[in-house]
Amino acid sequence: MAFEDVKKVWMNGKLVDFADAKVHVFTHALHYGSGVFEGIRCYDTARGPEVFRLDEHLDRLVWSAKIYRMQLPFGPDELKQATLATIRANGFRACYIRPLAYRGFGSLGVNPFPNPIDVVIGCYPWGKYLGAKALEEGVDVCFSSWTRIAANTMPAMAKATANYANSQLIKMEAIVNGYDEGIALDDTGRVSEGSGENLFVVWKGRLHTPPLASSTLPGITRMTVVQLARDLGLDVEERVLPREMLYAADEVFFTGTAAEVTPVRSIDRIQVGAGRRGPMTEKLQGAFFEIVEGRVPDRHGWMTPVGAAVPA
Ligand code: PPE
């Protein structure tokens, strides 16, 4: 992650200098986790810089906000144009994009309503999420002792900043114990997701992924992989998954904007399949990268060109 190269940040309708993109210490979201956000990638494709599934990400931002009774002061079209303008203002060919809507400065106390809703869009270079070799060799993960947020505690379907307190506990425990990432179970003990990724399992030639009711985020990459699997004629099913199925599976992989399609090679030091990227993971990973890198036509209409004013 390199913030040194960031020139401009979009704040409430204006592009401001990086150094001026600041908030007050009494900002409500800083105290109470009252924010919703997105993580989006722009790829340097053969056709020029293009954003992957921008409409779907902004749609999720809008309904994440709705769940938290936040009325966004900008509509999806304005946010779309703002996102593209922010990338252009920074001159990035590839970057990670972070829109964030939060309860701002005005009044502390649990009641969030007196505060303004602030919206910012930042972008910055962000390489491979789980390390450079992860995409090829796979990662070593563990099941977390932390349960994923349970039904009716916090809305797992919303991409809310508050949910990431749970994610951080999962991630820190994994790192401290020498793993790359942790997988959480839901409150019924079934497989949910990684701290920042959805998960797929290959079992006897079929692909499975936990349903939204297993406290998973409705991942855009998850939805993409389901479509790509169907394009390839593979069977894919949403299913409640017992933990032990993952130890015994042929292949396991993560999906996410940051993680892209990352193979899992071991869980709790039990080797998964052959202990390296499996054939189905490789196929889907290939199908994913050839689309986002623009090496094949954008047959699903997933890519949005950043547009003019990007240096060649
Ligand atoms: N589950 C969680 C909990 C999650 O945070 C993400 C994205 C996903 C699933 C995958 O969703 P999608 O990106 O729409 O395919 N995690 C974001 C943030 C990671 C971070 O460290 O911050 C991401 O990948 O951008």
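(A) Up close: the packing of helix 2 (residues 54-67) against helix 3 (residues 76-90). Two elements in contact, helix 2 and helix 3, have axes whose closest approach is 10 Å; the angle formed by their N-to-C orientations is 125°. With respect to helix 3, the axis of helix 2 lies oblique. Between helix 2 and helix 3 lies a crossing whose hand is right-handed. Of the residues in helix 3, those touching helix 2 at Leu54, Asp55, Leu58, Leu61 and Val62 are Pro76, Leu79, Lys80, Thr83 and Leu84. Partitioned by chemical class, the residues of the contact of helix 2 with helix 3 number seven nonpolar, one polar and two charged.

(B) Summary view of empty space enclosed by the protein. Throughout the structure, instances matching the rule amount to three cavities of 30 Å³ or more. Secondary structure elements with two or more residues in the lining of the largest cavity: strand 4 (40-45) and helix 6 (220-231). Within the lining of the largest cavity, the residues separate by chemical class into four nonpolar, four polar and two charged. Domain assignment of the residues forming the lining of the largest cavity places at least three in each of domain 1 (3-124) and domain 2 (134-292). Here the second largest cavity defines a volume of roughly 40 Å³. Lining the second largest cavity we find Asp250, Glu251, Val252, Pro263, Val264, Val272, Arg276, Arg277, Gly278 and Thr281. Contributing elements (two or more residues each) for the lining of the second largest cavity: strand 14 (251-256) and strand 15 (260-267). Each residue belonging to the lining of the second largest cavity can be placed in one class, and the counts come to four nonpolar, two polar and four charged.

(C) Here's a closer look at helix 8 (residues 279-292). Over its 14 residues, helix 8 extends 20 Å from the first C-alpha to the last, a length consistent with the 20 Å expected when each residue adds 1.5 Å. By the burial criterion, the buried members of helix 8 are Met280, Thr281, Leu284, Gln285, Ala287, Phe288, Phe289, Ile291 and Val292. Where helix 8 ends, the next residue or the one after it, glycine 294, has phi of about 70°, a positive value.

Conventions adopted
Residues numbered from 1 in each chain as written. Predicted model: local features only at pLDDT ≥ 70, side-chain atom pairs only at ≥ 80, totals over all residues. Heavy atoms only, no water. Axes fitted to C-alpha atoms, helices over the stretch in contact; angles between N-to-C directions. Helix = DSSP H or I, 4+ residues; strand = E, 2+ residues; numbered from the N terminus. Parallel < 35°, antiparallel > 145°, perpendicular 65-115°, else oblique. Left-handed = near helix turned anticlockwise from the far one by under 90°. Contact = heavy atoms within 4.5 Å. Nonpolar A, V, L, I, M, F, W, Y, C, P; charged D, E, K, R; others polar. 1 Å grid on protein atoms, 1.4 Å probe; cavity = no way out; pocket = protein on both sides within 12 Å on 5 of 7 lines; lining within 4 Å. Points joined across faces, edges and corners; volume = space filled by probe spheres on them. Domains from an automatic or database assignment. Expected span 1.5 Å × (residues − 1). Buried < 20%, exposed > 50% of the residue type's maximum accessible area, 1.4 Å probe, protein only.

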